[in-house]
Amino acid sequence: MAKKSKLKTLLAVEDDPGLQSQLRWCFEGYEVVIAGDRAAALAAVNKYHPAVITLDLGLPPDPTNASEGLATLGEILSIHPHAKVIVVTGNDDRENAVKAVSLGAYDFYQKPVDPEILGMIIDRAHALYDLEEEYRQLLQARTTQLEGIIGASPQMQKACRMVEKVAPSDVTTLLLGESGTGKELFARALHNLSSRKSGPFIAINCAAIPEALLESELFGHEKGAFTGASKQTRGKIEYADGGTFFLDEVGDLPQPLQAKMLRFLQERVIERVGGRSEISVDVRVICATHQDLQDLIKAGKFREDLYYRISEVTLKIPPLREREGDNLMLARVFIDRFSREHGQSLKGFSPEAMQAIECHHWPGNVRELENKIKRAVIMADGDYVTPEDLELNIVDRKENEPLCLDLRHVREEAERKALQRALTVANNNVTQAAELLCVSRPTLYDLLNKYGLK
Ligand SMILES: Nc1ncnc2c1ncn2[C@@H]1O[C@H](COP(=O)(O)OP(=O)(O)OP(=O)(O)O)[C@@H](O)[C@H]1O
Ligand SMILES: [Mg+2]
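As the structure is a prediction and not an experimental result, all values here were calculated from the model.

Trainee: Can you break down the overall build of the protein chain residue by residue, with the values?
Mentor: A count of helical and extended segments in the protein chain gives 19 helices and 16 strands. On C-alpha atoms alone, the protein chain measures out to a radius of gyration of 29 Å, which is more than a quarter above the 22 Å that the 2.2 N^0.38 rule sets for 454 residues. Principal-axis analysis of the C-alpha atoms places the extent of the protein chain at approximately 90 × 60 × 40 Å. Here the protein chain holds 454 residues, and 45% of them are scored as buried. A fraction of 67% describes how many contacts in the protein chain between residues 6 or more apart in sequence connect residues 24 or more apart. Surface accessibility of the protein chain: about 23600 Å² in total, with carbon and sulfur atoms responsible for 51%. Of the charged side chains in the protein chain, 56 are positive and 67 negative; the average position of the first set lies 5 Å away from that of the second.

Trainee: Can you explain the environment of I237? Please cite residues and give values.
Mentor: Tracing the backbone through its elements, the reader meets I237 in helix α10 (residues 236-239). On the accessibility criterion, I237 (0% relative accessible area) is buried. Between the C-alpha atom of I237 and that of V285, which follows or precedes it by 48 residues, the distance is 9.3 Å.

Trainee: If you had to explain the pattern of salt bridges to someone new, which residues and values would you point to?
Mentor: If the charged atoms of two oppositely charged side chains come close together, the side chains can form a pair. Counted under the stated rule, the structure contains 26 salt bridges. A salt bridge links K347 to D383; the nearest nitrogen and oxygen atoms lie 3.2 Å apart. Pair noted here: K347 is in the loop between α14 (326-341) and β15 (348-349) and D383 is in the loop between α16 (365-379) and β16 (384-385), with a separation of 36 residues, a long-range link. Each of E14, D56 and K111 takes part in one network of salt bridges that share partners.

Trainee: Just give me the short version of the nonpolar core, but keep the residues and values in it.
Mentor: Counting residues in hydrophobic clusters, the biggest one holds 31 residues, and the most contacted among them are L218, F245, L247, M261 and F264. The set of elements that each furnish at least two residues to this core consists of β7 (201-205), α9 (211-219), β10 (244-248), α11 (255-267), β13 (284-289), α12 (293-298) and α13 (304-310). If one sorts the elements of this core by residue count, α11 sits on top with five residues. Excluding residues that lie within four positions of it along the chain, M261 makes contacts with L218, F219, I237, L247, L253 and L306.

Trainee: Break down the environment of I117 for me, citing the residues and quoting the values.
Mentor: Tracing the chain through its elements places I117 in helix α6 (residues 115-145). Sequence separation between I117 and R234 is 117 residues, and the spatial gap between their C-alpha atoms is 73 Å.

Trainee: Account for the site of ligand 1, naming residues and giving values.
Mentor: In the neighbourhood of ligand 1, 17 residues make up the surrounding shell, with I150, G180, K183, R367 and E370 lying closest. Here G148 contributes a backbone N or O atom positioned 3.5 Å from a nitrogen atom of ligand 1. In isolation ligand 1 has 640 Å² of accessible area, and contact with the protein removes 84% of it. Breaking the shell around ligand 1 down by element, the ones donating at least two residues are α8 (183-192), α14 and α16. Of the residues belonging to the shell around ligand 1, the class tally is seven nonpolar, five polar and five charged. Split by domain, the residues of the shell around ligand 1 number at least three in each of domain 2 (154-318) and domain 3 (321-450).

Trainee: I'd like a rundown of the sheet that holds strand β6 (residues 173-176), residues and numbers included.
Mentor: Strands belonging to one sheet form pairs held by backbone hydrogen bonds; the direction of such a pair is parallel or antiparallel. The parallel open sheet is built from five strands, whose spatial order is β7-β10-β13-β6-β14. Two strands close off the open sheet at either side, each with one partner strand: β7 and β14 (313-316). Averaged over all neighbouring strand pairs, the angle between strand axes comes to 20°, with direction disregarded. Where β6 meets β13, four bridges bridge the pair, whose relative direction is parallel.

Trainee: With reference to specific residues and values, describe the packing of aromatic side chains.
Mentor: Under the definition given, this model contains three aromatic pairs. Judged by centre distance (5.3 Å) and plane angle (70°), the rings of Y307 and Y308 are edge-to-face. Under the relative-accessibility criterion, Y307 is labelled buried at 14%. Ring geometry for F334 against F338: centres 6.0 Å apart, planes inclined by 20°, an arrangement best described as stacked. Here the residue F334 and the residue F338 both occupy positions in helix α14, the gap between them amounting to four residues, near one helical turn. Pair check on accessibility: F334 and F338 agree, each one buried. Over the aromatic face of F219 sits the side chain of K260, whose NZ or CZ is 4.5 Å from the ring centroid. The ring of F264 is capped by R268, whose NZ or CZ atom sits 5.6 Å from the centre of that ring.

Trainee: Which residues make up the side chain of T172, and what values go with them?
Mentor: With respect to the element layout, T172 can be found in the loop between α7 (154-166) and β6. Residue contacts for T172: discarding those within four places in its chain leaves R268, V285, R309, I310, S311, E312 and V313.

Rules of the game
- Residues numbered from 1 in each chain as written.
- Chains lettered and ligands numbered in written order.
- Predicted model: local features only at pLDDT ≥ 70, side-chain atom pairs only at ≥ 80, totals over all residues.
- Heavy atoms only, no water.
- Helix = DSSP H or I, 4+ residues; strand = E, 2+ residues; numbered from the N terminus.
- Rg over C-alpha atoms; globule rule 2.2 N^0.38 Å.
- Buried < 20%, exposed > 50% of the residue type's maximum accessible area, 1.4 Å probe, protein only.
- Contact = heavy atoms within 4.5 Å.
- Areas by Shrake-Rupley, 256 points an atom, 1.4 Å probe, with all protein chains shown as cover.
- Lys, Arg positive; Asp, Glu negative; His and termini not counted.
- Charge placed at Lys NZ, Arg CZ, Asp CG, Glu CD.
- Salt bridge = Lys/Arg side-chain N within 4 Å of Asp/Glu carboxyl O.
- Core = buried A, V, L, I, M, F, W, Y, C linked by side-chain atoms within 4.5 Å.
- Near = heavy atom within 4 Å.
- Polar contact = N/O pair within 3.5 Å; in protein donor to acceptor, adjacent residues only side chain to side chain.
- Nonpolar A, V, L, I, M, F, W, Y, C, P; charged D, E, K, R; others polar.
- Domains from an automatic or database assignment.
- Pairing = 2+ DSSP bridges.
- Axes fitted to C-alpha atoms, helices over the stretch in contact; angles between N-to-C directions.
- Phe/Tyr/Trp six-rings, centres within 6.5 Å; stacked < 30°, edge-to-face > 60°.
- Lys NZ or Arg CZ within 6 Å of the ring centre and 35° of its normal.

Structure below.
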């Protein structure tokens, strides 16, 4: 019995009774589940979630034609997109075999069935599935650990490594980045990776609160401290006790409060407005700004001593336009997310839309990309999002980009872009991407390695 539980499940979709019994017994190490038609195949996929599936393209009601087999393939992949489907075709049916691969089948095999060879293809498919599954789990761990921060560019990988290093310590951290680059997301990731993660994360935006109210918001007040202070109220810093306090847009902190904040950072005690007692608070402080604090210091608007206090560690979040390839990756994630939310089944972006996404300068960074895609999902009429849906202009090219004519560099850039596009179109299905690029899978793996796109 123990041995049986170790068997891997192989689903064989085959209508011919003779072949059914042959397939059932000839693969060592597998428990073979047989399905004779589309309905039985889909039921088995749902029940067993098999890593590898062999699929006869000639299925009833019309076994002489591949249409039912190709439709079954499409439905299998829509419910189990990672399955490795090996299409089994008639002797001379190369055309449908190639079509099946372009639809996402892993490989094809032409009848008559030689169990030894088919068995090797199945083993290889299984090994690849296991590897990819492991990789998916690693990726999953990555994204959940860094709270949904998406990005494969070296620039973002570097920033994420910094977060992992800095998070466990209590150092006061300054996040610098343009508007919409993900400063708040990073602040939350720092909190979630720290020992304070079960404590509160309290954020306050200095630019969003009128100066007259900000002091009380930050430090709290005693009853009767000012007109309207009808009861004692704790401030945001006090609420963050035991957790993380996120001071957003710190460049907008008014001068008198800069002095008070400096004192808090030095002494770790606060005094409520109108209060006389000192209250000690245990918080980790993270500040963020899109402004150049050095400029503010020079202009006399920001205290230099406060700057040194808040920037024990500084983390620069790169603008989206400097993150190689991340714009398309984020676009893909957002389109999937918003299509699901709207119950839409968009297939992706038109080639023009991808070009427009790559060429746009993204002054509003990830927030702008997110908003544009949210809009496009609502506006799109066809299967593919167009530049018009995104309100992007194809001619909107990056300005001031130096013209580089080094042929090797130009070639490599073109190659990298083609790879990224093919992967986006193929929804990261390597087999399909290789088809689109007209290269073999091993060649594609080599190229992915070369450009660090794994
Ligand atoms: N790397 C990323 N992966 C996924 N989503 C991201 C990423 N970066 C930013 N976002 C999303 O983009 C939006 C803007 O991010 P966030 O609010 O953290 O930026 P910000 O730098 O604080 O912007 P602002 O300066 O405008 O306050 C959010 O919806 C966030 O979830
Ligand atoms: Mg923000």
